[in-house]
Every structure is written in C-alpha cells, then in structure tokens.
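Structural overview
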Amino acid sequence: MSKQFIIIAYDAKDAGAYERRLASRQAHVDAINKLRAEGSALCGVAIHDDNEKMIGSVVITNFPSRTELDKWLATEPYVVNNVWENITVLNGKIGPSFADLVRK
C-alpha cells in the first residue's frame, strides 16, 4: 500500500536561481508527467510571489515508502539542478473526497 507525501519546496534565492528554474522546467514537467502516469504524482502546484514569479513548488506524491520518495527526489531535475533549496517532506493522507486520485 502506498503512502502520500507532501513536498513543499522553495527555490534558492541566489542571482541565478530563477534562470536555473526556467532552464530545468521542461525536464521537471516531464519527470512529473512520468510520475503521474505511474500513479506516483497526484497533484503539483507552483508557488508564486505577489508578482506572479515562481518561487517554489508543492507536490503531493504517492509512493510505497519514504525511501522510494527519496530515490525519486535524488533524480528530480529541480533538485539535481539546484533550483529547490529548502525542501520539506510531510506525511499526508488523501481525504475521502479525493480518494479517486490514489491508485492502490
């Protein structure tokens, strides 16, 4: 049985961080699309600042274990390319209203 994890990741704040995000964006989207097709990514949202500039991400995942999540994170383009700097992973559980999102 899989577990849901909530990833809250804020981007680095150095001068090149936004450019790294844009350069890595398609690889990130492709990776998320692959996870979604496998049932391991349930939802993703870009965090924007007040000027609509992307500054982070929230991803709700569905993995068999934290170990499997960590294996994926090690290959995630925003991690590999130093876009995400501050990453928090929380345990979660999809509520009954959204249970159709989760593959058993």
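About the criteria used
- Residues numbered from 1 in each chain as written.
- Predicted model: local features only at pLDDT ≥ 70, side-chain atom pairs only at ≥ 80, totals over all residues.
- Heavy atoms only, no water.
- Helix = DSSP H or I, 4+ residues; strand = E, 2+ residues; numbered from the N terminus.
- Buried < 20%, exposed > 50% of the residue type's maximum accessible area, 1.4 Å probe, protein only.
- Contact = heavy atoms within 4.5 Å.
- Pairing = 2+ DSSP bridges.
- Core = buried A, V, L, I, M, F, W, Y, C linked by side-chain atoms within 4.5 Å.
- Axes fitted to C-alpha atoms, helices over the stretch in contact; angles between N-to-C directions.

**Digging into the environment of Tyr10**
Mapping Tyr10 onto the fold places it in strand S1 (residues 3-11). Relative accessible area serves as the criterion here: at 38%, Tyr10 is assigned to the partly exposed category. The spacing of Tyr10 and Ile47 is 37 residues in sequence and 8.1 Å in space, taken between C-alpha atoms. Every residue in contact with Tyr10, bar those within four places of it in the chain, is listed here: Ile47, Ile55, Gly56, Val83, Trp84, Glu85 and Asn86.

**Quick look at the pairing of S1**
Direction of pairing for S1 relative to strand S3 (residues 54-63): antiparallel, over a ladder of eight bridges. Paired with Lys3 across the strands is Phe63, a residue of S3.

**Observations concerning the nonpolar core**
Core analysis: the biggest nonpolar cluster contains 15 residues, and Ile7, Phe63, Leu69, Trp72, Leu73, Trp84 and Val89 have the highest contact counts within it. Those residues in contact with Phe63, other than ones at most four positions away along the chain, are Ser2, Lys3, Phe5, Leu35, Ser40, Glu68, Leu69 and Trp72.

**Remarks on the sheet that holds S1**
Strands sit in the order S2-S3-S1-S4 across an open sheet of four strands; the sheet is antiparallel. Every other strand in the sheet has two partners, leaving strand S2 (41-48) and strand S4 (84-92) as the edge strands with one partner each. Across the sheet, the mean angle from the axis of one strand to that of its neighbour is 15 degrees, orientation sign disregarded. Alignment of S2 against S3, held across seven bridges, turns out to be antiparallel. If you follow Cys43 over to S3, its bridge partner there is Ile60. On top of the sheet, helix H1 (residues 17-38) reaches S1, S2, S3 and S4; it is set at about 20 degrees to S3, its chief contact.

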